[in-house]
Amino acid sequence: MSGLLEIMLVDAHGLPESDVVGKMDPYVLIQYKTHKLKSYVAKGQGSNPVWNDKFTLWVDYPEPNGHYDVRFRIFDRDTLSADDLIGETTICVKDIVELGVEKGKAMVEPRKYSVFESKNGELTADRAGDLHVGLTFTTKQ
């Protein structure tokens with residue numbers, strides 16, 4: 001069975017500022033398997049950006065490899081250099097997908113997930129703020 005996973009990217013709080021001058025311009029890259037989505041840039045919103053943006057992904061159940069992780073990577077958009085990776089978090093959506101398959105629809109109200117710093121592409125144990133995300137899975141026959 002398959003269905004649609006709707007992701008509500010609400011906001012973030014307490015992100016570390018990466019810009020020396022002015023406020024950073026954060027955006028989020030969302031990845032589920034080979035699907036990649038990008039939020040709009042929260043221009044000048046600094047360490048507490050608000051997106052209130054919705055994204056939809058197609059999810060199969062059961063997944064052949066059993067992986068149900070959605071990865072959120074927060075970047076600061078820079079004009080004169082490469083964008084800075086601020087941090088990331090991963091949300092396992094297996095439980096909401098299983099519940100949605102059983103009941104036809106399942107929802108997790110927006111809640112905060114800890115964002116962790118990423119150095120040289122590797123996650124550290126250092127917190128880099130919170131990301132507020134809501135999830136809804138609806139089966140499609």
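As a reminder, the structure under discussion sits directly above these lines.
Below is a short write-up of the structure.

Reading the values: rules and limits
- Residues numbered from 1 in each chain as written.
- Predicted model: local features only at pLDDT ≥ 70, side-chain atom pairs only at ≥ 80, totals over all residues.
- Heavy atoms only, no water.
- Buried < 20%, exposed > 50% of the residue type's maximum accessible area, 1.4 Å probe, protein only.
- Helix = DSSP H or I, 4+ residues; strand = E, 2+ residues; numbered from the N terminus.
- Arc of directions from axis to C-beta.
- Contact = heavy atoms within 4.5 Å.
- Polar contact = N/O pair within 3.5 Å; in protein donor to acceptor, adjacent residues only side chain to side chain.
- Pairing = 2+ DSSP bridges.
- Salt bridge = Lys/Arg side-chain N within 4 Å of Asp/Glu carboxyl O.

### Overview of helix 1 (residues 94-103)
Thinking step 1. Along helix 1, the residues classified as buried are Ile96, Val97 and Gly100. Axial view of helix 1: buried residues confined to an arc of 100 degrees, hence all on one face. Opposite the buried face of helix 1, at more than 90 degrees from it, the exposed residues are Asp95 and Glu102.
Thinking step 2. Looking at the packing, one finds that the buried side of helix 1 touches strand 1 (2-13), strand 4 (50-60), strand 7 (105-119) and strand 8 (122-140).

### Points about the side chain of Glu63
Thinking step 1. Inspection of the secondary structure assignment puts Glu63 in the loop between strand 4 and strand 5 (69-76).
Thinking step 2. There is a polar contact of 3.0 Å between the side chain of Glu63 and the side chain of Tyr32.

### Remarks on the pairing of strand 8
Thinking step 1. Direction of pairing for strand 1 relative to strand 8: antiparallel, over a ladder of 11 bridges. Across the sheet, residue Asp11 finds its bridge partner in strand 8, namely His132.
Thinking step 2. Alignment of strand 7 against strand 8, held across 11 bridges, turns out to be antiparallel. Along strand 8, the bridge assignment pairs Tyr113 with Leu131.

### Things to note about the pattern of salt bridges
Thinking step 1. The full count for this structure, using the stated rule, is eight salt bridges.
Thinking step 2. For Lys43, the salt bridge identified is with Asp25, shortest N-O distance 3.9 Å. Of this pair, Lys43 sits in the loop between strand 3 (35-38) and strand 4 while Asp25 sits in the loop between strand 1 and strand 2 (26-32), and the two are 18 residues apart along the sequence.
Thinking step 3. Its relative accessible area of 59% is what places Lys43 among the exposed residues.
Thinking step 4. Accessibility expressed as a relative area gives 9% for Asp25, which makes it buried.

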